[in-house]
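Spelled out, the chains give:
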Amino acid sequence: MFTGLIDCSILKRAQDKGLVEIHIHNLRDYTTNKHRNVDDYPFGGEAGMVIQIEPIDNAITSLKQQRMYDEVIYTSPDGEVFNQKIANQMSSYENIIILCGHYKGIDYRVREHLITREISIGDYVLTGGELAAAVMADAVVRLIPGAIGDEQSALSDSFQDNLLAPPVYTRPAEYKGWRVPDILLSGHQANIDEWKLQQAMERTERLRPDLLENKD
Ligand code: ADE
């Protein structure tokens, strides 16, 4: 699933341009048993299986021997909720490991000893962490200079100043009687910038007032 996601869109473009490398590792490749099993029964007799610490530790140790990592992230609904601020911070990192969570659960010692940060992409439960990892990768990679066509546009994204982005329009200036705001056609850049800021403020107050409370 993840391979499909990283081989298209922004993630593909950024990799092709040499701006980022994304490597996928299968825990089975780090097992030592003949069947390449990565899970086992839980202590204490709960239902279901649990991913063992050994293949995870082997994988992380092997990767750390090749390069330094800024963060070893675990995707989980009980983590810190991912947002633009975290994406900005991660975009300045050299290397990140993302360990995808799994519905079976992983041996908790991994989280106690090997993980540096746990991240959720929202208050709902996914079947595995792959989609969460892809969401984070997209949000982080697009911030790397050169990854998206117009570098200015990442800076004017919604959330970059804890403000939603203002509306945008293109030609025709009138369609079925629906007109583009006159100010945008005025050619007066200072007034246009002022209008955009007002729109961003108004939309944020109306749609996401919580963002204004969290402004730092
Ligand atoms: N794994 C399952 N649900 C998740 C979520 N909401 N965020 C990150 N990882 C998850």
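Model, not experiment: these values are computed from the prediction.

Colleague: What should I look at first to understand the site of the ligand in this one?
Modeller: Around the ligand, the structure places Thr75, Ser76, Pro77, Ile119, Ser120, Ile121, Gly122, Tyr124, Val125, Leu126 and Ala132. Residue Ile121 places a main-chain N or O atom 2.9 Å away from a nitrogen atom belonging to the ligand. Between the ligand and Tyr124 there is a distance of 2.8 Å, counted from a nitrogen atom to a backbone nitrogen or oxygen. For the shell around the ligand, the secondary structure elements donating two or more residues are strand E3 (71-81) and strand E5 (117-120). In terms of residue count, E3 provides more of the shell around the ligand than any other element does, three residues in total.

Colleague: Could you clarify how one ought to interpret the domain arrangement of the protein chain in this entry?
Modeller: Interface extent is often summarised as the accessible area lost during association of the parts. Looking at the assigned domains, one finds that the protein chain contains domain 1 (2-141) and domain 2 (156-213). Its C-alpha centre places domain 1 at a distance of 37 Å from the equivalent point of domain 2.

Colleague: Can you help me understand the state of the cysteines in this one?
Modeller: Here, disulfide denotes a covalent bond that connects the sulfur atoms of two cysteines. Under the criterion given, the structure shown has zero disulfides. In this model Cys8 remains outside any disulfide bridge; the closest cysteine sulfur is found in Cys100, 16 Å from its own. For Cys8, a relative accessible area of 35% gives the class partly exposed. Given the relative accessible area of 26%, Cys100 is considered partly exposed.

Colleague: What exactly am I supposed to notice about helix H2 (residues 9-16) here?
Modeller: Note that an α-helix has 3.6 residues per turn; residues three or four places apart therefore point the same way. Among the residues of H2, Ile10, Leu11 and Ala14 are the ones counted as buried. One face of H2 carries all of its buried residues, which in axial projection span an arc of 100°. Looking at the buried positions of H2, the neighbouring elements they touch are helix H1 (2-6) and helix H6 (130-141). A positive backbone phi angle near 75° is found at Gly18, which sits one or two residues after H2.

Colleague: How should I be thinking about the pattern of salt bridges in this particular structure?
Modeller: Side-chain pairs of opposite charge can arise whenever the charged atoms involved come near each other. If you walk through the whole model with that rule in mind, you get 11 salt bridges. Here Arg111 makes a salt bridge to Glu118, at a shortest N to O gap of 2.8 Å. Of the two residues, Arg111 and Glu118, neither departs from the other in class, the shared state being buried. Close ionic contact of Arg179 with Glu174 constitutes a salt bridge, the shortest N to O distance being 3.4 Å. Here Arg179 falls in the partly exposed class, since its relative accessible area comes to 46%.

Conventions and cut-offs
Residues numbered from 1 in each chain as written. Predicted model: local features only at pLDDT ≥ 70, side-chain atom pairs only at ≥ 80, totals over all residues. Heavy atoms only, no water. Near = heavy atom within 4 Å. Polar contact = N/O pair within 3.5 Å; in protein donor to acceptor, adjacent residues only side chain to side chain. Helix = DSSP H or I, 4+ residues; strand = E, 2+ residues; numbered from the N terminus. Domains from an automatic or database assignment. Disulfide = S-S within 2.5 Å. Buried < 20%, exposed > 50% of the residue type's maximum accessible area, 1.4 Å probe, protein only. Arc of directions from axis to C-beta. Contact = heavy atoms within 4.5 Å. Salt bridge = Lys/Arg side-chain N within 4 Å of Asp/Glu carboxyl O.

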